[in-house]
Amino acid sequence: MAAFFDTSIEFLKGVGPQRSALLNKELNIFTFGDLLQHFPFRYEDRTKFYSIKELSDDWPFVQIKGAIRKKEVIGDGSKKRLVANLVDETGEVELVWFQGINWVNEKIKIGIPYIVFGKPARFGSKFSIAHPEIDVLTQKNEQEGSLQPVYPLSEKLRNKRIDSKTIAKLMQELLTVSKDKIRETLPQSILNTHKLIAKKEALVNIHFPKSFELLAKSQQRLKFEELFYIQLRLLKLKLVRQEKFKGQIFQDATLLTKFYNEHLPFALTDAQKKVIKEIYADLKSGKQMNRLLQGDVGSGKTIVGFICMLVIVGGGSQAALMAPTEILAQQHYNGLKRYADKMQLPIALLTGSTKKSARREIHDALRSGELKILIGTHALLEEEVQFKNLGLAVVDEQHRFGVAQRSKLWQKNANIYPHVLVMTATPIPRTLAMTLYGDLDVSVIDQLPAGRKPIKTIHRFDSHRLQVNQFIRDQIEAGRQVYIVYPLIEESEKLDLKHLMDGYESVCRAFPDYAISIVHGKMKPDAKDFEMARFAKNETKIMIATTVIEVGVDVPNASVMIIENAERFGLSQLHQLRGRVGRGAEQSYCILMTDYKLGADSRTRIETMVKTNNGFEISETDLKLRGPGDVMGTQQSGALDLMIADLAKDGPTLQLAREAAIQILQNDPELEKPENSVIRTQIDSMRKTVVNWSRIS
Ligand code: ADP
Ligand code: MG
């Protein structure tokens, strides 16, 4: 049965070797099954005819009936076109063709009634439709009116005269020969509970909807199915890992208690305590931990990571923390070294710029087990970095690392995987988190340390520069420090740097009496660190930077963040940048500077920033504005290549699908029960095509 849908597309009536090659290459369609899953991306409403009088250029497409009154070829060269005047009882519209002129000219006849379909455009008081679809009106097609599928195509296919209609015809043929072979892929219980229509009905109606209602039901059914199998796979992975991957047991809390009682510089928030408990439970469970720690910027994830490291070190093992940038690794190191020193624990920093000799020392101390805590960048992943026994790997700001890198960390121990804690400040919308990290356990710090005043965010136009400068001066006089961030705008790094330097000069001119730091991506790491350190020590009052400071940098006395050309930044970037202030006890400010002219999306971004400090709310808006593929950190993740579901819009369906998958696995973890045999069969057939399934045996 499955074999039928594996039949090469070449053998479908109407395809043949040439078209088959095109479909393979242009649309990745190789088999009957592939074609069936090539879903329309929209539908044309052919259920209604408009009169010419009713035309409006607001409509994407309209269908009209009429006869051609006259036609002529006019213009020369590239301007050459065929113009035909179509009339009905209410008015006249021009039909225009720039291509295929001779062919169309021969086909259309004066005086005969036609059905015309296309997008009307207004020219003065007249309407015209370029390259309309045109068919002779028959009794049959006049009554047939339906929702017609529009399929994704490529330029090349169009050039070879394969259009949506061609695909639709092939689809009709395919459905005719395969209808009785389409099997159900969801168990009856799920169909009942979620009121989903049968697979066969859904497939027929997704291509050729009999009504809007059936179309909606078909989409819902297919989206649910897609999301269900993704969630099932992730949850199954998690189960398998929990069963198969033993974890080292760590339960010695001596160091933790000592730190807690003697050196902890502040009281932990309830959210931090809750998360530490969750992690501690994992560490002593005997299973390998894979946990995502989500917490908005400034929520205090680092100390949580450190406290967990103490349990590991207390158990005689080693811990590592990997950060995405050199600056951030350095900052973590500086911060944690203070604590580690108090606890007399050896700690080291390893980055790309660590000198060879120091590097060798670190390698040796790691291998002997003498070095307990290693902080670093992805330099940690290099082959030579071998631990005596790595008990815990903490990964900060996961969105900068790929899944592949995460798994490299796993390999650091020969016989047993280390526990892994992934910390992210990118508030990922729930729907994305469930898909990207659905195989991880999730802890959330949903509370900021007490005493933090919410950051005030203000939008100012460039014309208010003098006022803004006065504000900066007032704040500095009150003892605060200020960030001024410039975007990377131009295509070329050179221009970006020039832009930044121009900004630097004008800031220097405006504030001749203050010491000013500058940090950007082209600087040598030592120079960067030097400037960062000066700023952190309050030796400089203003820090001019590009987005290199976006992640993690922590200077509590800096309470003003000015973002230049704020309209050029994405929402999550703006939120990350704003998170650099609001870390001390003082009232903090974020000022978004823009030009007067703002596009609609830019305006929404700025308004969202002014309106809320809540990272999750911001990421939801971001998801809506940009779609799932563009939300930070999800870029190369194949996990988001969905066929029909849309993570930005189908959150509720995703939630239901996930719950359904959990329920199935709870009742039948091995999917052995007869009522779940459809799932088993479907997984088997997906395993052949979807790479990720093969990880489950
Ligand atoms: P993030 O979650 O963004 O990584 P950090 O770990 O950098 O946040 O913490 C931000 C700041 O808050 C740091 O200066 C840290 O020392 C401080 N901090 C963390 N937890 C608390 C707390 N419970 N009370 C007060 N300050 C805290
Ligand atoms: Mg952090």
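Residues numbered from 1 in each chain as written. Chains lettered and ligands numbered in written order. Predicted model: local features only at pLDDT ≥ 70, side-chain atom pairs only at ≥ 80, totals over all residues. Heavy atoms only, no water.

## Focus: the domain arrangement of the protein chain
Quick note on the threshold: Either an automatic procedure or a domain database provided the assignment from which the domain bounds are taken.
One can read the domain layout of the protein chain as domain 1 (2–43 + 153–181), domain 2 (48–145), domain 3 (254–285 + 300–424) and domain 4 (456–612). On a C-alpha basis, the centroid separation for the pair domain 2 and domain 4 is 56 Å.

## Remarks on the sheet that holds strand β16 (residues 441–445)
Strand-to-strand pairing in sheets goes through backbone hydrogen bonds, with the strands running parallel or antiparallel. Rule in force here: Paired strands, in this sense, are two strands between which DSSP finds at least two bridges. Numbering goes from the N terminus for both helices and strands, where a helix is a DSSP run of H or I of at least four residues and a strand is a run of E of at least two. Only the stretch in contact is used when fitting a helix axis, every axis being a line fitted to C-alpha atoms; angles between N-to-C directions are given from 0 to 180 degrees. Contacts were defined at the residue level, with two residues in contact if any of their heavy atoms lie within 4.5 Å.
One open sheet accounts for seven strands, arranged β12-β13-β11-β14-β15-β10-β16; its pairing is parallel. Bordering the open sheet on either side are β12 (347–350) and β16, each of which pairs with just one other strand. With direction set aside, neighbouring strand axes in the sheet form an average angle of 20°. Strand direction decides the pairing type here: strand β10 (residues 290–295) and strand β15 (residues 419–424), joined by five bridges, are parallel. The residue bridging asparagine 290 from the neighbouring strand is valine 420, located in β15. In the packing of helix α14 (residues 326–342) onto the sheet, the strands contacted are β11 (318–322), β12, β13 (373–376) and β14 (390–396), and the crossing angle to β12 comes to about 175°.

## Side note on the packing of aromatic side chains
The following threshold applies: Centre distance within 6.5 Å is the pairing criterion for rings of Phe, Tyr and Trp, where only the six-membered ring of Trp is used; planes under 30 degrees apart are then read as stacked, over 60 as edge-to-face, and the remainder as tilted. Three exposure classes are used, based on accessible area relative to the maximum for each residue type with a 1.4 Å probe and protein chains only: buried under 20%, partly exposed in between, and exposed over 50%. Think of it as a cone above the ring: NZ of Lys or CZ of Arg counts as a charge over the ring if it is within 6 Å of the ring centre and within 35 degrees of the ring normal.
Evaluation of the coordinates by the stated rule reveals 13 aromatic pairs. Judged by centre distance (5.1 Å) and plane angle (85°), the rings of phenylalanine 228 and tyrosine 229 are edge-to-face. Aromatic side chains phenylalanine 259 and phenylalanine 306 sit 5.3 Å apart centroid to centroid with 65° between the ring planes, which places their arrangement in the edge-to-face category. Taken together, the residues span a long stretch of sequence, with phenylalanine 259 in helix α11 (residues 254–262) and phenylalanine 306 in helix α13 (residues 301–314) at a distance of 47 residues. Comparing phenylalanine 259 with phenylalanine 306 shows no difference in burial state: the two are buried. Aromatic ring contacts, followed pair by pair, group Phe4, Phe5 and Phe32 into a single cluster. Geometry around phenylalanine 4 places lysine 181 over its ring, the cationic atom sitting 4.5 Å from the centre. The residue whose ring lies beneath arginine 338 is tyrosine 339, and the NZ or CZ to ring-centre distance is 5.8 Å.

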